[in-house]
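Below are the chains, spelled out letter by letter.
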Amino acid sequence: MKAAFLLLCLTLVVPVGQAADWLAWRKVGDATLTWGPFTVYTSQLRTPDGRYGREDQDQALIITYARDIDRDELVEATRDQWQAQGILAQEAQSEAWLRMLQSLWPDVRQGSQLAFVLNDKQGQFWYRDPTLQKTFIPLGQRQSEAFSTRFLAIWLDPRTQYPELRQQLIGGQK
């Protein structure tokens with residue numbers, strides 16, 4: 001019984017410890033997405049050494065929402081970006097990935113944060129609602145390298161629909 005309790009405690013503590021690791025990484029850059037006069041979100045890219053060098057390096061993209069957005073809109077925005085980059089046509093799993101996101105992501109509220117952390121070529125979603133949580137909590141399981149690369153491509157691939165945001169995130173000029 002004591003061993004089971006200890007194991008339960010460890011499973012509750014480990015995700016928070018993992019979150020603390022990437023939260024201590026150094027900022028590479030940050031950017032703000034606006035739509036007309038409205039701020040949609042601010043974003044920040046972090047890496048262990050504070051430099052961006054390649055798409056498969058350890059990195060954390062943290063998005064802080066400036067308005068409420070429901071999960072359907074988030075998934076559709078992902079679909080739109082993958083469509084624009086040709087990922088939907090090139091990647092047979094893309095529809096399955098979108099269904100996974102639909103079941104995984106919450107509706108976001110102003111001030112909430114969604115992070116995607118790539119570590120050892122696998123990604124993990126993390127979420128924090130500042131009115132309910134002091135720390136980030138993991139969402140779902142770790143994601144494949146293929147998914148992780150395609151997801152981060154929305155912001156970091158040279159073909160992104162937001163080249164100015166990409167430049168700011170990877171440490172370029174604002």
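Because the structure is predicted, anything quoted here is derived from the model rather than measured.

*Asks:* For this particular structure, what's the right way to read the overall build of the chain?
*Replies:* Counting secondary structure elements, the chain contains 6 helices and 6 strands. Scored against the burial criterion, the 174 residues of the chain give a buried share of 44%. For the chain, restricting intrachain contacts to residue pairs at least 6 apart in sequence, the fraction spanning at least 24 positions comes to 51%.

*Asks:* How should the packing of helix α2 (residues 71-85) against helix α4 (residues 94-104) be read in this particular structure?
*Replies:* Between α2 and α4, the least distance of the axes is 9 Å, while the angle of their chain directions is 160 degrees. Taken together, the axes of α2 and α4 are roughly antiparallel relative to one another. Here α2 and α4 pass one another in a crossing that is right-handed. Along its contact with α2, which presents Arg-71, Asp-72, Val-75, Thr-78, Arg-79 and Trp-82, the element α4 presents Ser-94, Glu-95, Trp-97, Leu-98, Leu-101 and Gln-102.

*Asks:* Just checking my understanding: could you explain the sheet that holds strand β2 (residues 38-47) for this structure?
*Replies:* What holds strands together in a sheet is hydrogen bonding between their backbones, with the strands either parallel or antiparallel. Taken together, the 6 strands give an open sheet; going across it, the order is β1-β2-β3-β4-β5-β6, and neighbouring strands pair in antiparallel fashion. Each edge of the sheet is formed by a strand with only one pairing partner; in this case those strands are β1 (26-35) and β6 (137-143). On average, each strand axis in the sheet is tilted by 15 degrees relative to the strand beside it, whichever way the strands run. As defined by bridge partners, strand β5 (residues 122-128) adjoins β6 across 4 bridges and the pair is classed as antiparallel. When the bridges of β6 are listed, Trp-126 appears paired with Pro-138. Sitting on the sheet, helix α5 (residues 145-156) touches β2, β3 (59-65), β4 (113-119), β5 and β6, and the angle it makes with β4 is about 125 degrees.

*Asks:* What's the story with the layout of surface pockets in this structure? I'm lost.
*Replies:* By rolling a water-sized probe across the atoms, one finds the places where empty space is left. What the largest pocket holds in volume is close to 510 Å³. Along its surface, the largest pocket is lined by 25 residues, and Leu-33, Val-40, Tyr-41, Leu-74 and Ala-77 are the ones closest to its centre. Among the secondary structure elements, those contributing two or more residues to the lining of the largest pocket are β1, β2, β3, α2, β4 and α5. The element contributing the most residues to the lining of the largest pocket is α2, with 6 residues.

*Asks:* Sorry if this is basic, but what is going on with the pattern of salt bridges here?
*Replies:* Pairs can form between side chains of opposite charge whenever their charged atoms are close. Applying the stated rule across the entire model yields 8 salt bridges. With its nearest N and O atoms 3.4 Å apart, the salt bridge here joins Glu-76 to Arg-79. Separated by 3 residues within a single helix, Glu-76 and Arg-79 lie in helix α2, roughly one turn from each other. Across the salt bridge formed by Asp-157 and Arg-159, the nearest N and O atoms sit 3.0 Å from each other. Residue classification places Asp-157 among the buried positions, given a relative accessible area of 13%. Through salt bridges that share partners, Glu-76, Arg-79 and Glu-95 make up one connected network.

Criteria and cut-off values
Residues numbered from 1 in each chain as written. Predicted model: local features only at pLDDT ≥ 70, side-chain atom pairs only at ≥ 80, totals over all residues. Heavy atoms only, no water. Helix = DSSP H or I, 4+ residues; strand = E, 2+ residues; numbered from the N terminus. Buried < 20%, exposed > 50% of the residue type's maximum accessible area, 1.4 Å probe, protein only. Contact = heavy atoms within 4.5 Å. Axes fitted to C-alpha atoms, helices over the stretch in contact; angles between N-to-C directions. Parallel < 35°, antiparallel > 145°, perpendicular 65-115°, else oblique. Left-handed = near helix turned anticlockwise from the far one by under 90°. Pairing = 2+ DSSP bridges. 1 Å grid on protein atoms, 1.4 Å probe; cavity = no way out; pocket = protein on both sides within 12 Å on 5 of 7 lines; lining within 4 Å. Points joined across faces, edges and corners; volume = space filled by probe spheres on them. Salt bridge = Lys/Arg side-chain N within 4 Å of Asp/Glu carboxyl O.

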